[in-house]
Amino acid sequence: MLVLFISTGAAIAAPVQARLYHNPGCMCCEQYADYLNAKGYEVDVLDTDDMAALNEKHGVEPALSSCHTTLIGDYVVVGHVPEPVVAKLLREEPDIRGIALPGMPSGSPGMPGKKSEPFVIKTLNGDVYTTY
C-alpha cells in the first residue's frame with residue numbers, strides 16, 4: 001500500500017501562550033482571559049495575593065497598574081488592553097518591556113459599560129504606545 005502525503009505549504013499557527021495573574025475572585029479578569037481565549041490565545045489564569053509585588057517584579061509602576069497583569073511572549077500586558085493592540089505588540093516586537101491600560105476603564109474588554117473615550121495604552125515607561 002502506498003500512502004501519499006501532500007503538503008499545502010500552509011503552516012498552522014499554535015495559539016499564543018499567556019499567563020494572567022490576578023487577585024482571587026476578580027471576575028473581570030476571568031472575563032478578560034475568556035476574551036483573549038476567544039481571540040485564539042491560550043490563557044492560564046493564576047491567582048496571586050500580592051499584585052503589587054508581581055507588578056514591581058515586572059517593572060510596572062503603581063500608576064500603570066490594573067486588576068491583572070498578563071505575561072505574553074517577552075512582554076508584560078497590564079489591564080484590559082484590547083486584543084488588536086496586543087497583536088500589534090507581538091507583531092511589531094518593539095524594544096519595550098510591555099504595555100498598560102491603567103485602571104479598569106468602562107467598555108474595555110472584560111469590563112461592563114460603554115466606552116466613553118479612546119483608550120490610551122502606555123508603555124511601561126509611561127510613554128503613549130497607542131490609542132484605541
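As the structure is a computational prediction, the values presented were derived from the model and not from experiment.

A look at the confidence of the model for the protein chain
Scored by pLDDT, the protein chain comes out at a mean of 91, with 90% of its residues at no less than 70. Note on residues 1-11: pLDDT under 50 across the span, and zero contacts to partners over four residues away in sequence or across chains.

Things to note about the state of the cysteines
Summed over all chains, the structure comprises zero disulfides. For the unlinked cysteine Cys26, the closest cysteine sulfur is that of Cys29, found at 3.0 Å. A disulfide-free cysteine, Cys28 has its sulfur positioned 3.5 Å from the sulfur of Cys26, the nearest such atom. Judged by relative accessible area, which is 11%, Cys28 ranks as buried.

Points about unusual backbone geometry
In this structure, Glu93 takes a positive phi of about 50 degrees despite not being glycine. Its location among the elements puts Glu93 in the loop between α3 (83-92) and β5 (98-101).

Re the environment of Ser106
Within the secondary structure layout, Ser106 lies in the loop between β5 and β6 (120-123). Look at Ser106 and you get partly exposed, because its relative accessible area is 42%. Along the backbone, Ser106 and Phe119 are 13 residues apart, and their C-alpha atoms lie at a distance of 9.8 Å. Among residues more than four places away in sequence, those in contact with Ser106 are Pro112, Gly113, Lys114, Lys115 and Phe119.

Rules behind the numbers
Residue numbering note: each chain is counted from 1, following its sequence as written. Totals for whole chains, interfaces and linings use every residue, but because this is a predicted model, local features are given only for residues with pLDDT of at least 70 and side-chain atom pairs only at 80 or more, for both listing and counting. Side-chain calculation: all heavy atoms of the structure are included, whereas hydrogens and water are not. Per-residue confidence from the prediction method is given by pLDDT, with values spanning 0 to 100. The contact definition used throughout considers only heavy atoms, calling two residues in contact when any of these lie within 4.5 Å. Criterion for a disulfide: a pair of cysteine sulfur atoms at a distance within 2.5 Å. Exposure categories follow from relative accessible area, calculated using a 1.4 Å probe and restricted to protein chains: below 20% of the type maximum is buried, above 50% is exposed, and the middle band is partly exposed. Helix and strand assignments come from DSSP, with helices taken as H or I runs of at least 4 residues and strands as E runs of at least 2, each series counted from the N terminus.

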